Amino acid sequence: MKFSPVGYFFMFVLIGIYSSCSVTKFVPENDFLLNKVHVESDNAEFNVVELQPYIRQRPNYKMFGLNRTQLQIYSLSGKDTSKWINRVIRRLGEPPVIYDSMLVYKTETELKKLLVNKGYLHAEVSSSVKKQHKKAEVSYLIQAKSPYRIRSFSGEPGDSLLFNGWTDSVQPLRTSTGESAIFGATHVKPGNLFDRNVLDEERQRITNTLRNRGYYDFTKESIYYVADTASATHSVDLQLVFRPYTLSREDDSERKPYPRYWIDKVYIYADYDPLRYGGISSYIPSDTVQMGNYTVYYGEKGQSIRPKALLEKCFITPGSLYMEKQEELTHTAFSAMKALENTNIHFQSKMRNNTHLLDCYILTMPAKKQTFSTSLEGTNSAGNLGFASSWTYQHRNIFRGSEAFGVKLTGAYESMSENFSENYLDLGIQTTLTFPKIVFPFLRHHFIRQSQASTEFSLSYNYQTRPEYNRILLSGGLRYIWQDRVKRWERHQFNLLDVNYVYLPRVDDVFWSNLPPNAALFSYLNQFIVSMGYSYTYSNFNPAVKRRNIHTFRSSFESAGNVLYGLSSLFNASKGENNSYELFDIYFAQYLKGDLDYSRTVFVDRKNAVAWHVGIGTAVPYANSLVLPFEKRYYSGGANSVRGWAVRTLGPGSYRAIPHETTFYEQSGDIKLDLNIEYRSHLFWKMELAAFIDAGNIWTIDDYEGQENGHFRFDKFYKEIALSYGLGIRLDFNFFLLRMDLGMKVYNPALDGREKWTVLHPNFKENFAWHFAVGYPF
């Protein structure tokens, strides 16, 4: 195996790190390096990984879970901190973790507290320390013993004084089934562990229920439990108690009923700046719009946003009971409006005719109407270096209803591989108009109100020039995007109409002559692609929550040409030279396409994670088309696929490319499979390392001429799944991530016999691929 000079350099650096430094170099005299921490439990229900957050002192981080590379880097520094090189090395590394007996004691306390909260009231936690050669190993032994379980569960919300006589809404808990007529299915049931976390969740659930039924003053602190434990049977008789409502928390001598509140007035301030106005009393409106019990105030700039647009996003209804859910929905809806920068909602209580009322105040601050932005980035596609730039203009409130209008100019340039004599140039302009709601007749008002939705109209023009051809793409579309205001982890997109016109003013004669007949007839000629499609995405990703296991599922379906084909057949339209129907004497494509994609990231600890991905796609041309348009075909290889191959250089099937003769068209297909797994490990600063394994390929659905051995067959496709592995380095700047991956081919289905296993005879020039990209591959 041959290494490049860079490979030898890194190899010698690693050897130097592992052989020349002592990890106890900076451990003070009479102290010990915390080398290992073991946790053992006599109860299999306690997962060691779940207990990690409660361990107050952990050993130095191990990269890939194998080696303390950062500690070794730190140990390479000298003891003279006045030298800059030593300070730099220490910043790149991690100082040794010194064994601390006080932190061991705190860990024992935290673990025991955890066990008690889980219902193991007599649990014991002990520790032992083994010290040898300046290193310490700490072992924690958990003896959970028998847990306490709930024997009975009862609760009475109280008499008529407690909830103001609303006996139709307040009923006692049913201890036999663990259910409640008012509160729904309870989390606390006889036979369950005496888990204090579950009890707290039950308090919060009941509080949410009551606050959504008008009890504005009710809080979680209004509920507490009385527990009677029996040591002999390890059982608990549990009673849920509602604390009486009092006007003063300090003086509970005057017991009052919990009042139900009704919404009286809703005041919306369309341009309230908290930095300018000390309070609402100092706000002097220049315009006021009254619509029933809704009042909209405008400042010096007048009606910058229409009153109706604001009321459409308000779920707080005058005359109805107070509901916390409506308050949250209103805040979410106002926050999603591009014309507004921030929103604050608060209430003021009052009495009228012995009825408790709330006035709602919605304070909004308008966002900047118009924005301009530019970007410039380097690109690398299959080894072709280049750059791309864009200029974007956006108006966030063009029709005074939070509609967004945008214009984007783009340009990209790439120097092609040495076998081409020209370069690649892409110039384009795109315009979009987005409405913050579904613009479609016959939709139910309830659906429109319950969904956070947008309607987008788009129009774009692109001019591309390559050595093989010049191409113009004119596109237009209408799409709807929506998600439930409560189930925000689900997202839907329906492309009602997507029209693409492809015009090729120039095609290179040599390139054209080398194309398979079907490709020449259906992929590289002027054509229409008129389609509609639907996509669904489910993801629990939340940027505000760090180190949370993430899973994402995506599915999409696309159909093209069916309406045009049906109309052409109905009116007996004539067919063109390729025996296909045409629109305005231009061929149109017809196909079905579907994709499924699933990815999951599991955090092993605070600095290590495992991520995997499965992607499957199939597209079928039919009726008016014998092959798919090139833009809709799949390709394999590249930074987000099988990384042992450069982009568009793998497949289809066991097809073998001929250097300097095979075009990128031949290495495209109708079926795609991607299987990826990678281990991500934080190194230091913003740097992260990854080790990955990729598998996959593409296939054609028919035995096309010019793509021999690319046809998908159930009896051999598994033998044509390519395999690669590699290493990657990433720079994570939180708001974006730069990635460089080096993939090596392991199994190449295009070769014969034992040559398929390229890992047995690696060649750095032929069997490796570098990839530069932005963001994780999945």
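Just so you know, these numbers come straight off a predicted model, no measurement behind them.

Rules used in this analysis
- Every residue gets a number counted from 1 within its own chain, in the order that chain's sequence is written.
- Local features are withheld for residues below a pLDDT of 70 in this predicted model, meaning they are given only at 70 or higher, and side-chain atom pairs are given and counted only at 80 or more; totals for whole chains, interfaces and linings count all residues.
- Computation of side-chain values covers all heavy atoms of the structure but excludes hydrogens and water.
- Secondary structure counts use DSSP, requiring at least four H or I residues in a row for a helix and at least two E residues in a row for a strand, with both numbered from the N terminus.
- Residue contacts follow a heavy-atom distance rule, with two residues in contact if any of their heavy atoms lie within 4.5 Å.
- Each accessible area value is a Shrake-Rupley result obtained with a 1.4 Å probe; residue values ignore everything except the protein chains displayed when judging cover.
- Residues belong to a common nonpolar core when they are buried Ala, Val, Leu, Ile, Met, Phe, Trp, Tyr or Cys residues joined through side-chain atoms within 4.5 Å.
- We call a residue buried when its accessible area falls under 20% of the maximum for its residue type, exposed when it is over 50%, and partly exposed in between, using a 1.4 Å probe and counting protein chains only.
- Pairing between two strands requires that DSSP report at least two bridges joining them.
- Note on geometry: axes are C-alpha line fits, over the in-contact stretch for helices, and angles between N-to-C directions span 0 to 180 degrees.
- Any Lys or Arg side-chain nitrogen found within 4 Å of a carboxyl oxygen on Asp or Glu counts as a salt bridge.

Caption draft 1: Broad picture of the overall build of the chain. In terms of regular secondary structure, the chain is built from 13 helices and 34 strands. Of the contacts formed within the chain by residues at least 6 apart in sequence, a portion of 63% connects residues at least 24 apart. Carbon and sulfur atoms form 55% of the exposed surface of the chain, whose accessible area is close to 40600 Å².

Caption draft 2: Structural context of the nonpolar core. Within the largest apolar cluster, 25 residues are counted, with the highest numbers of intra-cluster contacts made by Val 266, Ile 268, Ile 305, Leu 310, Ile 316, Phe 347 and Ile 362. Elements with a contribution of two residues or more to this core: β12 (261-269), β14 (294-298), α7 (307-311), β15 (340-352) and β16 (355-366). If you tally residues by element for this core, the top one is β12, at 4 residues. Contacts of Phe 347, omitting those with residues within four sequence positions, involve Tyr 216, Ile 263, Ile 316, Tyr 322, Glu 327, Leu 358, Asp 359 and Cys 360.

Caption draft 3: Broad picture of the sheet that holds β16. Read across the open sheet, the 5 strands follow the order β13-β14-β12-β16-β15; overall the sheet is mixed. Looking at which strands have only one partner, the edges of the open sheet turn out to be β13 (287-291) and β15. Each strand of the sheet is rotated relative to its neighbour by a mean of 20°, with strand direction disregarded. Helix α8 (residues 324-335) contacts β12, β15 and β16 of the sheet and is inclined by roughly 150° relative to β15.

Caption draft 4: Local environment of the pattern of salt bridges. With the rule as written, the count across this model stands at 32 salt bridges. Put simply, Asp 674 and Lys 672 hold a salt bridge, and the shortest N to O gap is 3.3 Å. For the pair shown, Asp 674 and Lys 672 are each scored as buried. The salt bridge involving Glu 720 is made with Lys 716; its shortest N-O contact spans 3.5 Å. Via salt bridges that share partners, Arg 643, Glu 678, Arg 680, Asp 694, Arg 730, Arg 739 and Asp 741 belong to a single interconnected network.

Caption draft 5: Main features of the pairing of strand β22 (residues 469-484). For β22, the tally of buried residues reaches 14 of 16 residues, placing the bulk of the element in the interior. Bridge count for strand β21 (residues 451-465) against β22 is 15 bridges, and the pairing is antiparallel. Within β22, the position partnered with Gln 452 by the bridge is Gln 483. Linking two consecutive strands that pair antiparallel, namely β21 and β22, is a turn of 3 residues. Both β22 and strand β23 (residues 490-507) contribute to a ladder of 13 bridges, which runs antiparallel. By the bridge assignment for β23, Ile 472 is matched with Tyr 503.

Caption draft 6: Local environment of the side chain of Arg 203. Mapped onto the secondary structure, Arg 203 falls in helix α6 (residues 196-211). With near-sequence residues (within four places) excluded, Arg 203 lies in contact with Lys 220, Glu 221, Ile 223 and Tyr 225.

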